[in-house]
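Below are the chains, spelled out letter by letter.
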Amino acid sequence: MSQRMQQGQPMIILGEDSQRTQGKDAQTMNITAGKAVAESVRTTLGPKGMDKMLVDSGGSVVVTNDGVTILKEMDIDHPAANMIVEVSETQEDEVGDGTTTAVVVAGELLDEAEELIDQDIHPTTLAQGYRSAAEKAKEILEANAIDVSPDDRETLVKIASTAMTGKGAENAKDTLADLLVDAVLAVRDDDSVDTDNISIEKVVGGSIDNSELIEGVIVDKTRVSDSMPYAVEDADIALIDGALEVKETEIDAEVNVTDPDQLQQFLDQEEKQLREMVDHLKDIGTDVVFVGSGIDDMAQHYLAQEGILAVRRAKDSDLTSLARSTGGTVVGSVDDLTEDDLGFAGSVAQKDIGGDERIFVEDTPDAKSVTLVLRGGTEHVVDEVERAVDDSLGVVRTTLEDGKVLPGGGAPEAELALGLRDYADDVDGREALAVEAFAEAVDVIPRTLAENAGLDPIDSLVELRASHSEGNLSAGLDAYTGDVVDMEEDGVVEPLRVKTQAIESATEAAVMILRIDDVIAAGDLKGGGSDDDGDEGGPAGGMGGGMGGMGGMGGMGGAM
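Just so we're clear, the structure is a prediction, and the values are computed from it rather than from any experiment.

Caption draft 1: Molecular detail of the packing of helix 5 (residues 123–144) against helix 12 (residues 411–424). Where helix 5 contacts helix 12, the two axes come as close as 10 Å, and the packing angle between them is 125 degrees. It follows that helix 5 is oblique to helix 12 by the angle criterion. Along this stretch, helix 5 crosses helix 12, giving a crossing that reads as right-handed. Contact with helix 5, carried on its side by S132, A133, K136, A137, I140, L141 and N144, involves P412, E415, L416, G419, L420 and Y423 of helix 12 and no other residues of that element. Taken together, the residues that form the contact of helix 5 with helix 12 break down as eight nonpolar, three polar and two charged.

Caption draft 2: How the structure looks around the side chain of E108. With respect to the element layout, E108 can be found in helix 4 (residues 99–118). We classify E108 as buried; its relative accessible area is 9%. In this structure E108 touches R42, A441, V444 and R447, once residues within four positions along its chain are discounted.

Caption draft 3: Spatial organisation of the pairing of strand 14 (residues 370–376). Here strand 14 lies mainly inside the structure; seven of its seven residues are buried. Neither face of strand 14 is left uncovered, since the one carrying V370, L372, L374 and G376 and the one carrying T371, V373 and R375 both have all their residues buried. When strand 5 (residues 198–204) meets strand 14, the two strands line up parallel, connected through seven bridges. Residue I200 lies in a different strand from strand 14, and its bridge partner there is L372.

Caption draft 4: Structural context of the environment of S88. Relative to the helices and strands, S88 is located in helix 3 (residues 79–94). In this structure, the C-alpha to C-alpha distance between S88 and T99, residues eleven residues apart in sequence, is 4.7 Å. Among residues more than four places away in sequence, those in contact with S88 are V68, L71, T99 and V103. In terms of polar contacts, S88 uses its side chain to reach the backbone carbonyl oxygen of V85, at 2.6 Å.

Caption draft 5: Representation of the nonpolar core within the structure. Judged by nonpolar contacts, the single largest core of 64 residues is most densely connected at Y130 and F438. Per-element tally for this core: the top contributor is helix 4, with ten residues. Once residues within four sequence positions are removed from consideration, Y130 is found in contact with L109, E112, A113, A434, A437, F438, T507, V511 and L514.

Caption draft 6: Fine view of a negative patch on the surface. A cluster of acidic residues, D422, D425, D426, D428 and E436, forms a negative patch at the surface. Turning to its location among the elements, D426 is positioned in the loop between helix 12 and helix 13 (431–442). Under the relative-accessibility criterion, D426 is labelled exposed at 64%.

Caption draft 7: Quick peek at the environment of V435. Tracing the backbone through its elements, the reader meets V435 in helix 13. Classification of V435 as buried rests on a relative accessible area of 0%. C-alpha of V435 to C-alpha of A424: the two residues are eleven residues apart in sequence and 5.6 Å apart in space. Not counting residues up to four positions away in its chain, the partners in contact with V435 are G129, A133, L420, Y423, A424 and V427.

Caption draft 8: Structural view of the sheet that holds strand 4 (residues 146–147). The strand order across the open sheet built from three strands is 4-15-18, with neighbouring strands paired in antiparallel fashion. Looking at the sheet topology across the chains shown, the edges are occupied by strand 4 and strand 18 (493–495). Pairing of strand 15 (residues 404–407) with strand 18 involves three bridges; the strand directions are antiparallel. Within strand 18, the residue paired with V405 across the bridge is P495.

Caption draft 9: Broad picture of the packing of aromatic side chains. This structure, assessed with the given rule, holds one aromatic pair. Residues Y130 and F438 carry aromatic rings whose centres are separated by 5.7 Å and whose planes lie at 75 degrees to one another, so their mutual orientation is edge-to-face. Linking Y130 in helix 5 with F438 in helix 13, this pair joins segments that are 308 residues apart in sequence. Residue Y130 is classed as buried on the basis of its relative accessible area, which comes to 0%. For F438, a relative accessible area of 0% translates into the label buried. In this structure, R275 packs its charged tip against the face of Y302, placed 4.5 Å from the ring centre.

Caption draft 10: Inspection of the sheet that holds strand 5 at higher detail. In spatial order, the strands read 5-14-6; together these three strands make up an open sheet with mixed pairing. One side of each edge strand has no neighbouring strand; the edge strands of this open sheet are strand 5 and strand 6 (212–214). Across the sheet, the mean angle from the axis of one strand to that of its neighbour is 25 degrees, orientation sign disregarded. Relative to strand 14, helix 7 (residues 173–187) is tilted by about 160 degrees, and along the sheet it contacts strand 5, strand 6 and strand 14.

Caption draft 11: Region of interest: helix 15 (residues 457–469). Taking 1.5 Å per residue as the helical rise, helix 15 with its 13 residues ought to reach 18 Å, and the 18 Å between its terminal C-alpha atoms agrees with that figure. Where helix 15 is concerned, the buried positions are S460, L461, L464, S467 and H468. Buried residues of helix 15, seen end-on, are gathered within an arc of 130 degrees and therefore sit on one face of the element. Opposite its buried face, helix 15 presents the exposed residues I458, V462 and S469, each directed more than 90 degrees away. Structurally, helix 15 contributes buried residues whose contacts are with helix 12, helix 14 (444–452), strand 16 (475–477) and strand 17 (484–486). Near the N-terminus of helix 15, the side chain that reaches the backbone nitrogen of I458, with its oxygen 2.9 Å away, is that of D456.

Caption draft 12: Layout of the pattern of salt bridges. Evaluated as defined, the whole model comprises 30 salt bridges. A salt bridge links E114 to K35; the shortest N-O distance between them is 2.9 Å. With E114 in helix 4 and K35 in helix 1 (residues 23–42), this residue pair connects regions lying 79 residues apart in the sequence. For the salt bridge of D220 with R358, the shortest nitrogen-to-oxygen distance reads 3.7 Å. One end of the pair, D220, is in the loop between strand 7 (217–219) and strand 8 (231–240); the other, R358, is in strand 13 (residues 356–362), with 138 residues separating them in the sequence. For R358, a relative accessible area of 7% translates into the label buried.

Criteria and thresholds
- Residues numbered from 1 in each chain as written.
- Predicted model: local features only at pLDDT ≥ 70, side-chain atom pairs only at ≥ 80, totals over all residues.
- Heavy atoms only, no water.
- Axes fitted to C-alpha atoms, helices over the stretch in contact; angles between N-to-C directions.
- Helix = DSSP H or I, 4+ residues; strand = E, 2+ residues; numbered from the N terminus.
- Parallel < 35°, antiparallel > 145°, perpendicular 65-115°, else oblique.
- Left-handed = near helix turned anticlockwise from the far one by under 90°.
- Contact = heavy atoms within 4.5 Å.
- Nonpolar A, V, L, I, M, F, W, Y, C, P; charged D, E, K, R; others polar.
- Buried < 20%, exposed > 50% of the residue type's maximum accessible area, 1.4 Å probe, protein only.
- Pairing = 2+ DSSP bridges.
- Polar contact = N/O pair within 3.5 Å; in protein donor to acceptor, adjacent residues only side chain to side chain.
- Core = buried A, V, L, I, M, F, W, Y, C linked by side-chain atoms within 4.5 Å.
- Patch = residues over 30% accessible without salt bridge, like charges linked within 9 Å, V, L, I, M, F, W, Y side chains within 5 Å.
- Areas by Shrake-Rupley, 256 points an atom, 1.4 Å probe, with all protein chains shown as cover.
- Salt bridge = Lys/Arg side-chain N within 4 Å of Asp/Glu carboxyl O.
- Lys, Arg positive; Asp, Glu negative; His and termini not counted.
- Charge placed at Lys NZ, Arg CZ, Asp CG, Glu CD.
- Phe/Tyr/Trp six-rings, centres within 6.5 Å; stacked < 30°, edge-to-face > 60°.
- Lys NZ or Arg CZ within 6 Å of the ring centre and 35° of its normal.
- Expected span 1.5 Å × (residues − 1).
- Arc of directions from axis to C-beta.

This is the structure:
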């Protein structure tokens, strides 16, 4: 160790199999990966976007144009590419829609940055400019937002309809939008909307137009006994998160029986316990009982004798939905049940839906839990309708919470680009170039809408910019006619948060990728270090496979 290294000889600190990419090569590799991900979903954007077919190794097929679904299902190994995927996941969690927009903007920010890096603009200068532009963009969007009252049902329907445009449910978007808004308004509390209180049941068979909203709950179970009534009107409902069975001892016990009469006494005592449970249910006026666990055969017999409809092994989520819908209280055992714990429904019935028997709990007063029954000709169609409905539920919820919307059709992006170019004139130094690049990047949305609709993107952008320069804030691109029209008048609107979240997420991801100038194969990462000394000697080349995957990103981009 005392021997000095020869002057100029490099110090080797990584393992022989480790890979390292530095400087401009690292930046180029990461930018290319991010752009490839954005390009893979770009053609799905807008009312005339195309679908993708995703096939896994087992032959399962997903057909969708939902950005987050496509990116989740794709087998992406590159770490920088996964950062862009996280943008879509954040957008989905926060808003429910706009995932493709967020990813496409992130990819375009990287593309614009690459050109400036080639002109020797430092990545940290770009990062500062991008952050400054994003803050200004949010100010512009908020200044142009349109206030919406929670009671403005017409606007809420337009928002739900806009979110479904271009998806598999588009042909029935008017019907579904009405159902969705009714569902959200039914479960709305004073200051929030919990869409978990809207259950979705998928039924293969019929058309999308046959979808319906049940003001109550559909439980995917049947009566435990055919001797029980099929339907009960004006039903008092008991909800038990336990079992209707003989109570067992908490400790293992062994009883020696020396006489057949003693055995009969045991059996009689069990029957008596079950009889008392059923009598208690009858005494407090129970007509229907949902049980989280099992129901003893003898108890089923007694329940049928009393004309009580019983359902066993109901899911926790079903019991919670039933409690919100009927006004009942979920209790742990029959002994704890009182008359005040019973819920009420105008109708509880076992019905056939799509060839399956299910329990319908309907006509509940002030229902705070509802069920959307989605129909479609095939399983793939129903799955895509469900994804479209999920997006629409998210945007309606967001609108009710924020009370602000923006016109669609590329109008906000065109206004952003105009405002940011003016803002760039007031920014000093090279950051102004980054702000101008940001303005160019957001233009990718109207440009992509035009391209996907088969229109000339240059002509469409020129016409759109001219209209916004004249002060037409709601001017957007009609993908069906190719004209620039007033999107607010046409009923094409979306929540403010869809755009602000997309800008925030895309900017943060792009900045993070741009600031990376060295990609090194690491050992077992601990996400910020670990005090576990036992791992200090871990192999530095542990990510060799992952780095190899990064090298193959170019092939991924080509395959997309």
